[in-house]
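Coordinate analysis (summary)
Residue-level listing of the chains:
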Amino acid sequence: MVRRAAGVPIRIATKSVRCRELIARALRIDGYSGLMCYSLAEALWLHGEGLSDDILVAYPSADRSALRELAANPSAAAAISIMVDSTDHLDLIDAAVGRDRPDIRLCVEVDASWRPVPGVHIGTRRSPLHTPAQVRRFAEAAQRRAGFELVGLMAYEGQIAGLGDAPPGRPLRGALLRGIQRRSAAELAQRRAAVVREVREVADLEFVNGGGTGSLERTAVEDGIITEVAAGSGLIGPTLFDAYRAFQPRPAVLYALPVVHRPARRIATLFGGGYIASGPPGADRVPAPHWPCGLDLLGAEGAGEVQTPVTGAPAHGLRIGDRVWFRHAKAGELAERFNRYHLVDGGVWAVEEVPTYRGEGRSFG
């Protein structure tokens, strides 16, 4: 990932890791700098634990308790930037914490979707701020409000960073996606540059954030515009990132299910395992058998809450109590299922156990 970012600092997207020890280890690697949290409460916790004094909260917060905690802690207020895209967000903050407080650091989210023709929206549904003029008007409004400091911009191109351009067995869809992504990236680079020029006339920006695991190369080349990229899933290598031509992640997290039934010669039924990833329902959201190689899920059952049958030639040799190893479709969500990760180093099994967020009693839903 560092090589793909070509010298542009990578801000770690913590939602894709959700394990404090692994986040700390990643921060010690040259090329990674700062955190992008998905929750203000999470950001306050990680700051309080000393992980970073440079934290961006990727989503606007309506957590009034966390906002009050931020405003009451000068150290946290100086370290954490929160996401906004509307004066409604500023009104909510003022109502929650009052005006007698340290300045709240703001990052403005820009809609990075592609709109090739009126009425067509390709990308995630996030910020309402799409054009340079819209972003500038909001930046001016934010600058006029006492108690706030505009320090950053973010534009996440989910239609590029989050969609693999080589879906297995679907060459026509892959060709269509590549065409959309080329055109979208070209349009966004021009628009993002214009947005940055407009906002820099209004505020002294400390950072301009963009990209994701799937678009590091494309986003990092916007010289003079992008100051950092964000990524986290590439540290884990879940199955959703197998469908990219530009890179091939090395799977870093697996989970095991024990064999509890042998209903047929070529079928072994495993205990639990129905860890379906969020997003639109589909085959790409289910976990994938990883080892022994050659196993598949049954189409009639899939991965279930209490049992997961697998089939294939290797199933013949599986005995009661044997384990089948799986990869999850999305990176951080697996940490919500288990209390601990067992770390493997240099082929040595289980050199250390570290708690996930769940294992530390933390949940930031």
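Remember, it's a predicted structure, so these values are computed and weren't measured experimentally.

This part takes up the pairing of strand S6 (residues 148–155). Here S6 lies mainly inside the structure; seven of its eight residues are buried. In this structure, strand S5 (residues 104–109) lies alongside S6, joined through six bridges in parallel fashion. If you follow Glu 109 over to S6, its bridge partner there is Met 154. A crossover links S5 with its parallel partner S6, the connecting element being helix H7 (residues 132–144), and its sense is right-handed. Pairing of S6 with strand S7 (residues 207–210), which is carried by four bridges, proceeds in the parallel orientation. When the bridges of S7 are listed, Ala 155 appears paired with Gly 210.

Of all hydrophobic cores here, the largest spans 85 residues; its most connected members are Leu 40, Leu 70, Ile 80, Ile 82, Leu 106 and Leu 153. Residues lining this core come from more than one domain, with at least three contributed by each of domain 1 (2–241) and domain 2 (254–330). If near-sequence neighbours (up to four positions away) are discounted, Ile 80 is found in contact with Leu 40, Ala 43, Leu 44, His 47, Ile 55, Val 57, Leu 70 and Arg 105. Counting nine residues, the second largest nonpolar core, distinct from the first, contains Ala 58, Met 83, Val 151 and Ala 230.

What follows is about the sheet that holds strand S13 (residues 307–311). Overall, antiparallel pairing links the six strands, which are arranged S11-S14-S9-S10-S13-S12 in an open sheet. Looking at the sheet topology across the chains shown, the edges are occupied by strand S11 (288–291) and strand S12 (296–297). Where S12 and S13 come together, two bridges link them in antiparallel fashion. If you follow Asp 296 over to S13, its bridge partner there is Thr 311.

It is worth spelling out the domain arrangement of the protein at this point. Segmentation of the protein into domains returns domain 1 (2–241) and domain 2 (254–330). Inter-centroid distance (C-alpha atoms) of domain 1 to domain 2 is 35 Å. Contact with domain 1, which involves four residues of that partner, is made by seven residues of domain 2. At the boundary of domain 1 with domain 2, total buried surface from both sides reaches about 510 Å², with 56% on carbon and sulfur atoms. Inspection of the region where domain 1 meets domain 2 yields zero salt bridges. Linking domain 1 to domain 2 there are four residue pairs in polar contact (both at pLDDT 80 or more). Residues belonging to the side of domain 1 that touches domain 2 are distributed by class as follows: two nonpolar, two polar and no charged.

What counts and how
- Residues numbered from 1 in each chain as written.
- Predicted model: local features only at pLDDT ≥ 70, side-chain atom pairs only at ≥ 80, totals over all residues.
- Heavy atoms only, no water.
- Buried < 20%, exposed > 50% of the residue type's maximum accessible area, 1.4 Å probe, protein only.
- Helix = DSSP H or I, 4+ residues; strand = E, 2+ residues; numbered from the N terminus.
- Pairing = 2+ DSSP bridges.
- Right-handed = clockwise from strand over helix to strand, strands pointing away.
- Core = buried A, V, L, I, M, F, W, Y, C linked by side-chain atoms within 4.5 Å.
- Domains from an automatic or database assignment.
- Contact = heavy atoms within 4.5 Å.
- Buried area = accessible area lost by both parts, 1.4 Å probe.
- Salt bridge = Lys/Arg side-chain N within 4 Å of Asp/Glu carboxyl O.
- Polar contact = N/O pair within 3.5 Å; in protein donor to acceptor, adjacent residues only side chain to side chain.
- Nonpolar A, V, L, I, M, F, W, Y, C, P; charged D, E, K, R; others polar.

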